[in-house]
Each structure stands twice: as C-alpha cells, then as structure tokens.
Amino acid sequence: MDASIASLDFPVPEAPAPGSVTAIAPGVRWLRLALPFALDHVNIYLIADGEGEAVLDTGIADEPTRAVWETLLSGGLRPTRLILTHFHPDHIGLANWLVGRCGINVSMPLTEYLFAQHLTHNREALGSPTHHDFYTRNGLPETEAALLMGRGHHYLRMTTGLPPMFRRLRAGETLRLAERSLQVFTGGGHAPEQAMLWDRGGSLFFAADQVLAKISPNISVWPQEPDADPLGLYLESLAALRAAIPADVLVLPAHNLPFRGLHERLGQLADHHQARCDAVARACAEAPRTVYELIAFMFHRKLDAHQTGFAFGEAMAHVNYMVTRGDLVMVPGDVRRFRLA
Ligand SMILES: [Zn+2]
C-alpha cells in the first residue's frame, strides 16, 4: 500500500471474485467483472429497485462478460433499469445487449450518450488525417502516432452500442428508485459528463471513475478536441464533490475497493495533479518541450505503446491546463513546444 492510500479506510478488504456478487450495503450488491487489459476489472453495482434491481454499468462486450450476466439472469437477477455512468467501453459495453435481453431502459447523461453515438456512427472520423497531425505536431514519433490512430476502432469492438432511446440523467436531479433517492452529480475530466450518484439516506456515493482509491483516473486530451481543458474540469468537479458530499460516505467506485475517506482522497487526487504540473513547469523552465518530451518528466517508468497513448493524453491535459491559466506559452513551429510564461 502506498502512503497516499494508507489514510483511507477499506471496510471490505477483498473484492468478490470476478463474476461473483456480494452485498456491500443494505440493498446494494457489488459485482466484479474481469477486463482483458491492464485495468483488470470493473465494479458493477446492483441497487434494490422494487421487484428487482437497477444495474449500474455493464462491463465490456466480450463473451466472458456476457456469460456472467447470463448466469446472474438465470439465477434470479431481475434488472429494472440500466444506469450508465459514462461512454467508456468497460461501462457501456453490453448496454444494447442487456437492454434487449431484459426489456429495460437506459438512463445516462446526454453528452455521454451523444459521444458514444458519435464514435459508433461516425466511424470515418476515427483516425482522420487531422487526428494524425494532432499527434505528430505535438512531437509523437510517426510509429507511435500510427498506433494511436487505431484506438477508436478498438473501442468499437468492445461495445454493443446504445439503444435508440434513453432517459437523460441531469446534474442536480433526484433519481428515485423504489427504495431510495439518489442525487445525480456529473463531472468532466475523465469523460465529458460522467454521472455519479449520492444516496444521502444510505450514506453511499457511487463515484464511477471520477474518484478511485488506488489509481488516478485518466485525464486526457483527445484529438477530437485538441484545446480541451479536461484537467481544469476535473479539478472543478473534485471541488464540487467536496463541497456537496459529506466526508464519511462509503465511496463505491468503478475500480479498486470501496472506501471511506472521500475528502482525503479528493485532496490527494488534486495534489497528484499539482505535482505533475510542477514537473511540467520545471521541465519547461529548462527548455521549450513538446508534449511528447514532457511524458518522461511526468512518468518515471517505462511505458509500452498503449500506456504511451494514455500518457500522451495526460501530458497534454496538464499542458492545456497550464496554457489556459497563462503558466505556459506555446512556441510556434511545425512541432509545438511550450515554455514557461
Ligand atoms: Zn472511464
């Protein structure tokens, strides 16, 4: 355990085995699904809702995940509705399939719905020449840029798409299940409008990927929106959660273990990004740097091609955050470099 998570309290020391379900709070069951990549797993929550349970996220669209759902359904699981937190494939992967299989509706934030639909139905936009230029102009070598260009299509292979109808989840509204009221929060940074749910009565906070105990959620700039400031949005969201939600809730995240210590963790995540900004500032004080060059100053371990893609997006998020606030200035040229303001 690293020092930063030593201060958090993990009431359940071990997760359920992949594919199995355990009670985590009154009327809430926790299902763990395996993921076939480094992230390893995703947590799904089943929330009592009258005669059945609301399902929070689905796992990716692969045969082992589908088989888990089939086993649960034949074992008596009765989904009443599907709530989706954000468009990433480990969260919405089996949405269309589960909706068709169970005859239920989807509730999710509008931007998450539209972004998933954009990726699914606008396939020619994936890997467009402008995306390639975005990578190479920020210093990424040609071979790595070419690798990243294929990522969007990888996304499509991990999802079954979304149904043609959905119910919009809006920040501030109260989502009423039969047994409880959940206040909807949304936050940017990791995804455009990620949904989180606060159960005030049960003192639970379904945090999706926005607040995780052991890892920092990926905060990246993507080629669709090269000037985006996802880190600014993320830090705003962390501050809003701190102001609204009590420190003693049980946090039920989409990865890692449930924990107590929300405010502590919000502070740690903000500090982590500040430390990364400090590293960028030091590097750019020595010499103008490309986003690609900055990766080595922010990540002190060897990265494979897949990790380099995420690291590039993260580095760019810190650069854009600092440019937006006037801390960095771009040096014009064929390849963009940044210097300290
Ligand atoms: Zn995610």
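Residues numbered from 1 in each chain as written. Predicted model: local features only at pLDDT ≥ 70, side-chain atom pairs only at ≥ 80, totals over all residues. Heavy atoms only, no water.

Quick question: what am I supposed to make of the sheet that holds strand 3 (residues 41-49) here?
Strands belonging to one sheet form pairs held by backbone hydrogen bonds; the direction of such a pair is parallel or antiparallel. Pairing is mixed in the open sheet, where 7 strands are placed in the order 1-2-3-4-5-6-7. Each edge of the open sheet carries a strand with a single partner, namely strand 1 (21-25) and strand 7 (167-168). Strand direction decides the pairing type here: strand 2 (residues 28-34) and strand 3, joined by 7 bridges, are antiparallel. In the strand pairing of strand 3, Leu 31 is matched with Ile 44. Packed on one face of the sheet, helix 4 (residues 95-102) meets strand 4 (52-56), strand 5 (79-83) and strand 6 (106-108) and runs near 160 degrees to strand 5. (Pairing = 2+ DSSP bridges. Helix = DSSP H or I, 4+ residues; strand = E, 2+ residues; numbered from the N terminus. Contact = heavy atoms within 4.5 Å. Axes fitted to C-alpha atoms, helices over the stretch in contact; angles between N-to-C directions.)

Quick question: what am I supposed to make of the packing of aromatic side chains here?
The final tally for this structure, using the stated rule, is 10 aromatic pairs. Among the aromatic residues, those joined into a ring-pair cluster are Phe 134, Tyr 135 and Phe 312. Positioned above the aromatic ring of Phe 10 is the side chain of Lys 214, whose terminal nitrogen or guanidinium carbon lies 5.6 Å from the ring centre. (Phe/Tyr/Trp six-rings, centres within 6.5 Å; stacked < 30°, edge-to-face > 60°. Lys NZ or Arg CZ within 6 Å of the ring centre and 35° of its normal.)

How do you make sense of the sheet that holds strand 9 (residues 181-187) when you look at a structure like this?
Taking strand neighbours across the sheet as the criterion, the 5 strands line up as 8-9-10-11-12 in an open arrangement whose pairing is mixed. What marks the edges here is a single partner per strand, and that holds for strand 8 (174-176) and strand 12 (250-253). Averaged over all neighbouring strand pairs, the angle between strand axes comes to 30 degrees, with direction disregarded. Pairing of strand 11 (residues 204-208) with strand 12 involves 4 bridges; the strand directions are parallel. The partner of Leu 204 across the bridge, within strand 12, is Leu 250.

I'm lost on the environment of Met 165 in this one. Help?
For Met 165, the location among the structural elements is in the loop between helix 8 (151-157) and strand 7. Owing to a relative accessible area of 68%, Met 165 belongs among the exposed residues under this scheme. Spatially, the C-alpha atoms of Met 165 and Val 106 are 7.6 Å apart, while their sequence positions differ by 59 residues. (Buried < 20%, exposed > 50% of the residue type's maximum accessible area, 1.4 Å probe, protein only.)

Which parts of the structure should I look at to understand the pairing of strand 11?
On a regular strand, each side chain points to the face opposite its neighbour's, so the side chains alternate between the two faces of the sheet. Where burial is concerned, most of strand 11 is hidden: 5 out of the 5 residues are buried. Because side chains alternate across strand 11, one face comprises the buried residues Leu 204, Phe 206 and Ala 208, and the other comprises Phe 205 and Ala 207, equally buried. Read from strand 11 through helix 9 (residues 230-244) to strand 12, the crossover connection turns out right-handed. (Right-handed = clockwise from strand over helix to strand, strands pointing away.)

Would you mind showing me how to read the coordination of the zinc ion here?
Metal coordination angles have textbook ideals: 109.5 degrees for a tetrahedral set of four donors and 90 or 180 degrees for an octahedral set of six. Binding of the zinc ion to the protein goes through His 86 (NE2), His 88 (ND1), His 190 (NE2) and Asp 209 (OD), at separations of 2.1 to 2.2 Å. Each of the 4 donor atoms bound to the zinc ion contributes to angles spanning 89 to 176 degrees, and the resulting shape is irregular. When the donor residues of the zinc ion are listed from N- to C-terminus, their spacing reads H-x1-H-x101-H-x18-D. Placement of the pair is His 88 in the loop between strand 5 and helix 3 (89-92) and Asp 209 in the loop between strand 11 and helix 9, with a sequence separation of 121 residues. For His 88, a relative accessible area of 14% corresponds to the buried category. (Donors = N, O, S within 2.8 Å, 3.2 Å for Na, K, Ca; no water. Tetrahedral: all angles 85-135°; square planar, octahedral: opposite > 155°, others 65-115°.)

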